[in-house]
Each structure stands twice: as C-alpha cells, then as structure tokens.
Amino acid sequence: MGALQKVLVVDDGHRAIDRALSAELAELGYASVTASLEAADDVLAMMPRPAAVLLHMPPRDTGGAFRMMSERLREQMRGAGIPVIEVDAAGQQTGAPIDLQSRIGTRVLNEPEF
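A quick note: this is a predicted structure, and the numbers were derived from the prediction, not measured. (Residues numbered from 1 in each chain as written. Predicted model: local features only at pLDDT ≥ 70, side-chain atom pairs only at ≥ 80, totals over all residues. Heavy atoms only, no water.)

Chemist: With reference to specific residues and values, describe the overall build of the protein.
Modeler: Secondary structure summary: the protein contains 5 helices and 4 strands in total. Expressed as a percentage of its 114 residues, the buried residues of the protein come to 39%. Within the protein, contacts between residues at least 6 apart in sequence are counted, and of these 74% link residues at least 24 apart. For the protein, the accessible area works out to roughly 6,800 Å², and carbon and sulfur atoms hold 56% of it. (Helix = DSSP H or I, 4+ residues; strand = E, 2+ residues; numbered from the N terminus. Buried < 20%, exposed > 50% of the residue type's maximum accessible area, 1.4 Å probe, protein only. Contact = heavy atoms within 4.5 Å. Areas by Shrake-Rupley, 256 points an atom, 1.4 Å probe, with all protein chains shown as cover.)

Rendered as structure tokens:
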C-alpha cells in the first residue's frame, strides 16, 4: 500500500469544529497536518513533498501575513508542482470538497507504491 498523501493546513490557531478542514481532507483520502502561521515553515521543512498547502485565511489578515505567506509559498512550490490554495475564513464555499479535490489533483490515487 502506498503512503497516504499529506496536506499542510496553515491557520490562525483557532480551530473550531465548524472551520476544520481535516475532516474534508480525510474524506478525500488525504492526511493533514495543521500548523499555525508561525510554525508553518518548520513543519513544511519536515514534511516530505506535501500534496498541497492550504492556507485557511482568517476573517481579518492583520498585517497581511497570510497573503505574504501565500505569495511566498506559491513561488517556492511552483517548481515542484505543489498547489498552494487559499480557503476563505467562512469555509462556506459551495462544492468545497469537490473544489479541493480538483485543485489538489488526483495524485493520491496515482502515487506509485514503494
């Protein structure tokens, strides 16, 4: 059996049940690691090639820290083909699980087994 693909979720540290992305990602067949904005770089450095990086944008991005991280990660991940996806704070997007699957891709199903 191949390794389960991991997704890094970066959030503001407020992890209310109704805002959690981990359940949606599990339904799609992904394992997720959730980290705060401050810990994201350290966690990412320890993760072997994530399937995607999701930034769970807070209602107010004080100082633009999430936007700056999003831009930096997009540049950094572009060469590896790893998508960086912003998810709005409300998480009330129609078809969000389907959208996540299409944006992350089907790599979870296509990874070679080792």
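Moving on, there is more to tell.
Chemist: I'd like a description of the sheet that holds strand β1 (residues 6-11), backed by residues and values.
Modeler: Taken together, 4 strands build an open sheet; the order of strands is β2-β1-β3-β4 and the sheet is parallel. Two strands close off the open sheet at either side, each with one partner strand: β2 (31-36) and β4 (84-87). Across the sheet, the axes of successive neighbouring strands diverge by a mean angle of 25°, strand direction being ignored. Along the sheet, helix α3 (residues 65-78) makes contact with β1, β3 (52-56) and β4, crossing β4 at roughly 155°. (Pairing = 2+ DSSP bridges. Axes fitted to C-alpha atoms, helices over the stretch in contact; angles between N-to-C directions.)

Chemist: Before we move on, can you summarise the pattern of salt bridges with the specific residues and values?
Modeler: Overall, the coordinates contain 4 salt bridges when judged by the stated rule. With its nearest N and O atoms 2.2 Å apart, the salt bridge here joins Glu86 to Arg67. With Glu86 in strand β4 and Arg67 in helix α3, this residue pair connects regions lying 19 residues apart in the sequence. Among the residues examined, Arg67 registers a relative accessible area of 43% and is labelled partly exposed. A salt bridge links Arg78 to Glu75; the shortest N-O distance between them is 3.1 Å. Taken together, the residues span about one helical turn, with Arg78 and Glu75 both in helix α3 at a distance of 3 residues. Accessibility assignment for this pair places Arg78 and Glu75 in one class, exposed. If you follow the salt bridges from partner to partner, you end up with Arg67, Arg74 and Glu86 in one network. (Salt bridge = Lys/Arg side-chain N within 4 Å of Asp/Glu carboxyl O.)

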